[in-house]
Amino acid sequence: MQRHSALVRATHWIHAASFIALVLSGIAILLAYPRMHWGKTGTVGMPSLFDLPLPFVLDLGIRGPGRYLHFLAAWVTLFTGLVYLISELHTRHVRKDLLPRRSDLGLQSIRKLVLNHLRFRRPTEEEAQTYNLLQRLSYLGVVFVLLPFMFVSGFAMSPAIVSVFPIVETMFGGRQTARTLHFFAADLLVLFLVVHVAMVILSGFVKRCRAMITGYATPRKARS
Amino acid sequence: MNDKVSRRKIITTGLAAVAGVSGLGVAATIADRYGLLAPDHQGVCGVGEALTYGAQRLLMASHSLAREFGRSEISKVHPVNHEHPDYDPYKRLLYGKFADWRLYVDGMVARPAAFSLDGLKRMPFRSQITELACEEGWSYIAEWTGVQLSYILNLVGASAKAKWVVLYPFNDFWGSIDMPEALHPQTLLAFGMNGEDLTADHGAPVRLRIPRQLGYKNLKFLARISVVDSLKNVGDGNGSAAPEIGYSWYGGI
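As the structure is a computational prediction, the values presented were derived from the model and not from experiment. (Residues numbered from 1 in each chain as written. Chains lettered and ligands numbered in written order. Predicted model: local features only at pLDDT ≥ 70, side-chain atom pairs only at ≥ 80, totals over all residues. Heavy atoms only, no water.)

A.B. asks: Give a description of the pairing of strand β3 (residues 126–133) of chain B that names residues and reports values.
C.D. replies: All names here are of chain B. Buried residues dominate β3, accounting for six of its eight residues. Bridge count for β3 against strand β4 (residues 139–148) is eight bridges, and the pairing is antiparallel. Bridge pairing in β4 links S127 to T145. (Buried < 20%, exposed > 50% of the residue type's maximum accessible area, 1.4 Å probe, protein only. Helix = DSSP H or I, 4+ residues; strand = E, 2+ residues; numbered from the N terminus. Pairing = 2+ DSSP bridges.)

Encoded structure:
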């Protein structure tokens, strides 16, 4: 049985690359001013919300190229994301594989799922055929909450976009709040990546990678 | 997998790639004609820059205005991240309170001119309380007072064919802006800040103030302005000193 469609596989790896680029370039930008504020304004000499335990890196020459890369990768993420969304809404991938199933929502099955995770019990081959509730909720959260939030909070830091749509900034209460929340949402996405990769390793790295590259969890010989 | 299908696939993919590349070429030509192509659009990251500038320039075709704030929202701290040039001609002018300073305006203009600071201050001016956001991440709000660049361009009779305004300061950080930004009502040649003369470290005698772009596009210590229809022969052709040190020419984000 085909595990992932060609479109899911292609967009998955493009997103993997553009996400790594966004994280690395985001860090390069953040290091210029690793200090978070709340509200409209914030500079050295104003009270901060918190200071990250990181150095102020100003003279390394990573920020300019980092900014170029950040926005290039954002465009790649946007275009790939739109292709993914339009086609997957069309093929009902979202409804079929990502929206929680009615049977998942019973207290019993949630209890069993959480306990299995806490005991680090690997899923059975049958269970691994589809996404469980926690997977569904995380994927939905990433695709429909966190990624759109990254774009909106990023837009709030663009003086040009804010001049056209002031609401993008005012709904956050100010540019610095948007920057701080952009940082927190990015942290959540990185956390997702770490857990995602950990789960792939725990549940069979080769098999899962093969499924996301060829589309099938089993080698071709075994299939025929 | 069947060999015939894979060959057909290779041919269609190849054709699609050729169509895509030539499509990009056509798109670039059209974008350039309508003033949607950033000067630093070449190279790998230039694709992102071209998309960002093109998209934001289209969005701003609505003549959007940067947010203006109330007097009570003016920040108490106004950091300086680049001090005034340590350059004798500039320091001499600073010492003389810029009495001998002139802003030279040349290029595609009917009447090239040199304006004194007093001359600029006698022109109709505008004060606006806006946010200055540095690409590093910090930002503050202040009131800037100055002459609209559009007023100056009108005074010298800038050609309708001109597309860019190049700005030369007393340091090496020259830059340029497109004509829509230059003619924007909030684009000022600012000589005052928070009710006082601009201090040297904040860009005296005159700095560019374009609140729809990030701090580094708001060039300080201006000496000369040149109106041109092409940036190809200005500097290395990327529109400003910023790309030379790895920064994008466009500062709307």
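A.B. asks: I'd like a rundown of the pattern of salt bridges, residues and numbers included.
C.D. replies: Tallied over the full model, the rule gives 14 salt bridges over all chains. D51(A) is paired through a salt bridge with R35(A); the nearest N and O atoms lie 3.2 Å apart. With D51(A) in strand β2 (residues 50–51) and R35(A) in strand β1 (residues 35–36), this pair connects stretches of sequence that are 16 residues apart. Residue classification places D51(A) among the partly exposed residues on the basis of a relative accessible area of 42%. A salt bridge links R63(A) to E135(B); the nearest nitrogen and oxygen atoms lie 2.8 Å apart. Residue R63(A) is located in helix α2 (residues 63–90), and its partner E135(B) is located in the loop between β3 and β4; the two belong to separate chains. Take R63(A) and E135(B): they sit in the same class, and that class is buried. Where salt bridges share partners, they join R57(B), D178(B), E181(B) and R212(B) into one cluster. (Salt bridge = Lys/Arg side-chain N within 4 Å of Asp/Glu carboxyl O.)

A.B. asks: How would you summarise the side chain of S139(B) if you had to cite specific residues and measurements?
C.D. replies: Of note, S139(B) is situated in strand β4. You can call S139(B) buried: its relative accessible area is 0%. A polar contact is formed between the side chain of S139(B) and the side chain of Q176(A), at a distance of 2.8 Å. When residues no more than four places from it in sequence are discounted, the contact partners of S139(B) are K40(A), T41(A), G42(A), T43(A), M46(A), R175(A), Q176(A), E131(B), L132(B) and A133(B). (Polar contact = N/O pair within 3.5 Å; in protein donor to acceptor, adjacent residues only side chain to side chain. Contact = heavy atoms within 4.5 Å.)

A.B. asks: Before we move on, could you go through the pairing of strand β1 (residues 102–107) of chain B and cite the residues and values that matter?
C.D. replies: Residue and element names in this part refer to chain B. Relative to strand β2 (residues 113–116), β1 is paired through four bridges, and the arrangement is antiparallel. Across the sheet, the residue bridging to L103 is F115, located in β2. Following β1, the chain reverses through five residues before pairing antiparallel with β2. Bridge analysis of β1 against strand β10 (residues 222–228) gives four bridges, and the strand direction is parallel. Bridged to G107 within β10 is V227.

A.B. asks: Tell me about the interface of chain B and chain A, residues and numbers included.
C.D. replies: It is common to report an interface's size as the accessible area lost on association of the parts. At the junction of the two partners, chain B supplies 45 residues and chain A supplies 35 residues. Between chain B and chain A, a total of about 3,200 Å² is buried, with carbon and sulfur atoms accounting for 63% of that surface. Applying the counting rule to chain B against chain A returns four salt bridges. For the side of chain B that touches chain A, the secondary-structure elements that each account for two or more residues are α2 (46–59), β3 and β4 of chain B. The biggest single contributor to the side of chain B that touches chain A is α2(B), with eight residues. Taken together, the residues that form the side of chain B that touches chain A break down as 24 nonpolar, 13 polar and eight charged. (Buried area = accessible area lost by both parts, 1.4 Å probe. Nonpolar A, V, L, I, M, F, W, Y, C, P; charged D, E, K, R; others polar.)

A.B. asks: Mind laying out the domain arrangement of chain B, listing which residues take part and the relevant values?
C.D. replies: Residues and elements named next belong to chain B. For chain B, the assigned domains read domain 1 (3–59) and domain 2 (71–245). Of note, the centres of domain 1 and domain 2, computed from C-alpha atoms alone, are 34 Å apart. Across the boundary between the two partners, domain 1 contributes six residues, which contact 11 residues of domain 2. Interface of domain 1 and domain 2: buried area, both sides summed, is about 600 Å²; carbon and sulfur atoms make up 44% of it. Of all residues in domain 1, the largest losses of buried area upon contact with domain 2 belong to P39, D40 and R57, amounting jointly to 68% of the total for that side. Linking domain 1 with domain 2 are two salt bridges, by the criterion used here. The salt bridge partner of R57 is D178, with a shortest N-O separation of 2.9 Å. Residue composition of the side of domain 1 that touches domain 2, by class: three nonpolar, no polar and three charged. (Domains from an automatic or database assignment.)

A.B. asks: Could you give me a rundown of helix α5 (residues 133–155) of chain A, with the residues and numbers involved?
C.D. replies: Residues and elements named next belong to chain A. The end-to-end C-alpha distance of α5 is 32 Å, a good match for the 33 Å that 23 residues give at a rise of 1.5 Å each. Bending of α5 peaks at approximately 40° at the position of V142. If you check which residues of α5 are buried, you get L133, R136, Y139, L140, V142, V143, L146, M150, F151, S153 and G154. Elements that come into contact with the buried residues of α5 comprise α2, α3 (93–98), α4 (107–118) and α8 (175–202). The N-terminus of α5 is capped by N132, whose side-chain oxygen sits 3.0 Å from the backbone nitrogen of L134. (Expected span 1.5 Å × (residues − 1). Bend = angle between axes of the 7 residues up to and from the residue.)

A.B. asks: Any details on the packing of helix α1 (residues 6–30) of chain A against α8(A)? Residues and values, ideally.
C.D. replies: Residue and element names in this part refer to chain A. Packing of α1 against α8 brings their axes to within 11 Å, and their N-to-C directions diverge by 135°. When the interaxial angle is binned, α1 and α8 end up oblique. The two elements α1 and α8 cross, and the hand of that crossing is left-handed. From α1, H12, F19, I20, V23 and L30 reach across to α8, where they touch R179, F183, L189, V190, L193 and H196. Class assignment for the residues of the contact of α1 with α8 results in eight nonpolar, two polar and one charged. (Axes fitted to C-alpha atoms, helices over the stretch in contact; angles between N-to-C directions. Parallel < 35°, antiparallel > 145°, perpendicular 65-115°, else oblique. Left-handed = near helix turned anticlockwise from the far one by under 90°.)

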